[in-house]
Amino acid sequence: MVTRIRKQIGVIGAGACSEEVESLAETVGREIARKGALLLCGGLGGVMEAASRGAKKEGGTTLGVLPGIRREDANPWIDVAILSGMGHARNALIAQSSDALIAVGGEYGTLSEISLGLKMGKPVVVLESKWKIEGTQRAKNPKEAVETAFRLIEKRTG
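Residues numbered from 1 in each chain as written. Predicted model: local features only at pLDDT ≥ 70, side-chain atom pairs only at ≥ 80, totals over all residues. Heavy atoms only, no water.

1. Here's the deal with the environment of arginine 6
Alright, step 1. By secondary structure assignment, the location of arginine 6 is in the segment before β1 (8–12).
Alright, step 2. Taking the C-alpha atoms as reference points, arginine 6 and alanine 37, separated by 31 residues in sequence, lie 5.8 Å from one another.
Alright, step 3. If we skip the residues at most four places from it in the chain, arginine 6 touches Gly36, Ala37, Leu38, Thr61 and Asp99.
Alright, step 4. Looking at arginine 6, its side chain comes within polar contact range of the main-chain oxygen of glycine 36, at 3.3 Å.
Alright, step 5. Within the structure, arginine 6 has its side chain in polar contact with the side chain of threonine 61 (distance 3.0 Å). (Helix = DSSP H or I, 4+ residues; strand = E, 2+ residues; numbered from the N terminus. Contact = heavy atoms within 4.5 Å. Polar contact = N/O pair within 3.5 Å; in protein donor to acceptor, adjacent residues only side chain to side chain.)

Structural data, given as structure tokens:
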């Protein structure tokens, strides 16, 4: 029997963000859920919470890789909380566990996840990023970001 393995899309971004970035992240989460993928993130606030909320509103599944050791720290939209106890080093787990990463805005933690994802050969799509990083794909809107991520996964896996 062949089991279909669900795609895992990492959504990365700052733990505190503007309302505009929050709205973009929520829409990214909705689009990921509509495609039937699992949304993977850092499990806290800001972009992570908005994307998780969007996914849950569309009936999606969310997984948060938390920096600490308290499940209670997860945002209320997280279905499964992984307690890493690794602080920012958890970014490596997020990058490695994602089939593709979508960065929505972001600060230095996001930059580290982008770098790790690229180093690991993962597709990285950026939306509203202040950085221009070789190897990333820029998207104009949330729908394009998710569609690009899926296209790049298919291209990579054949």
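After that view, the rundown keeps rolling.
2. Structural notes on the layout of surface pockets
Alright, step 1. As a volume, the largest pocket reaches approximately 210 Å³.
Alright, step 2. Along the wall of the largest pocket there are 16 residues; nearest its centre are Gly13, Gly15, Met48, Arg90 and Gly109.
Alright, step 3. Of all the secondary structure elements, the ones that give two or more residues to the lining of the largest pocket are β1, α3 (90–97) and α4 (108–119).
Alright, step 4. When residues in the lining of the largest pocket are grouped by element, the largest group, 4 residues, is from α4.
Alright, step 5. Residue composition of the lining of the largest pocket, grouped by class: 6 nonpolar, 7 polar and 3 charged. (1 Å grid on protein atoms, 1.4 Å probe; cavity = no way out; pocket = protein on both sides within 12 Å on 5 of 7 lines; lining within 4 Å. Points joined across faces, edges and corners; volume = space filled by probe spheres on them. Nonpolar A, V, L, I, M, F, W, Y, C, P; charged D, E, K, R; others polar.)

3. So, the packing of aromatic side chains
Alright, step 1. In the structure shown here, the tally under the stated rule is 1 aromatic pair.
Alright, step 2. Measuring from ring centre to ring centre gives 6.3 Å for tyrosine 108 and tryptophan 131, while their planes differ by 35°; the resulting arrangement is tilted. In this pair, tyrosine 108 sits in helix α4 while tryptophan 131 sits in the loop between β6 (124–127) and β7 (137–138), placing the two residues 23 residues apart along the sequence.
Alright, step 3. Given a relative accessible area of 65%, tyrosine 108 falls into the exposed group.
Alright, step 4. Since its relative accessible area comes to 17%, tryptophan 131 is described here as buried.
Alright, step 5. One residue, lysine 35, lies across the ring of phenylalanine 150, its end atom 5.4 Å from the ring centre. (Phe/Tyr/Trp six-rings, centres within 6.5 Å; stacked < 30°, edge-to-face > 60°. Buried < 20%, exposed > 50% of the residue type's maximum accessible area, 1.4 Å probe, protein only. Lys NZ or Arg CZ within 6 Å of the ring centre and 35° of its normal.)

4. Thoughts on the pairing of β1
Alright, step 1. Among the 5 residues of β1, 4 are classified as buried, and the element is accordingly described as predominantly covered.
Alright, step 2. With 3 bridges joining them, β1 and strand β2 (residues 38–41) adopt parallel strand pairing. Each residue of the ladder has a partner; that of glutamine 8, found in β2, is leucine 38.
Alright, step 3. Since β1 and β2 lie parallel, the crossover through helix α1 (residues 19–34) that links them has a hand, and here it is right-handed. (Pairing = 2+ DSSP bridges. Right-handed = clockwise from strand over helix to strand, strands pointing away.)

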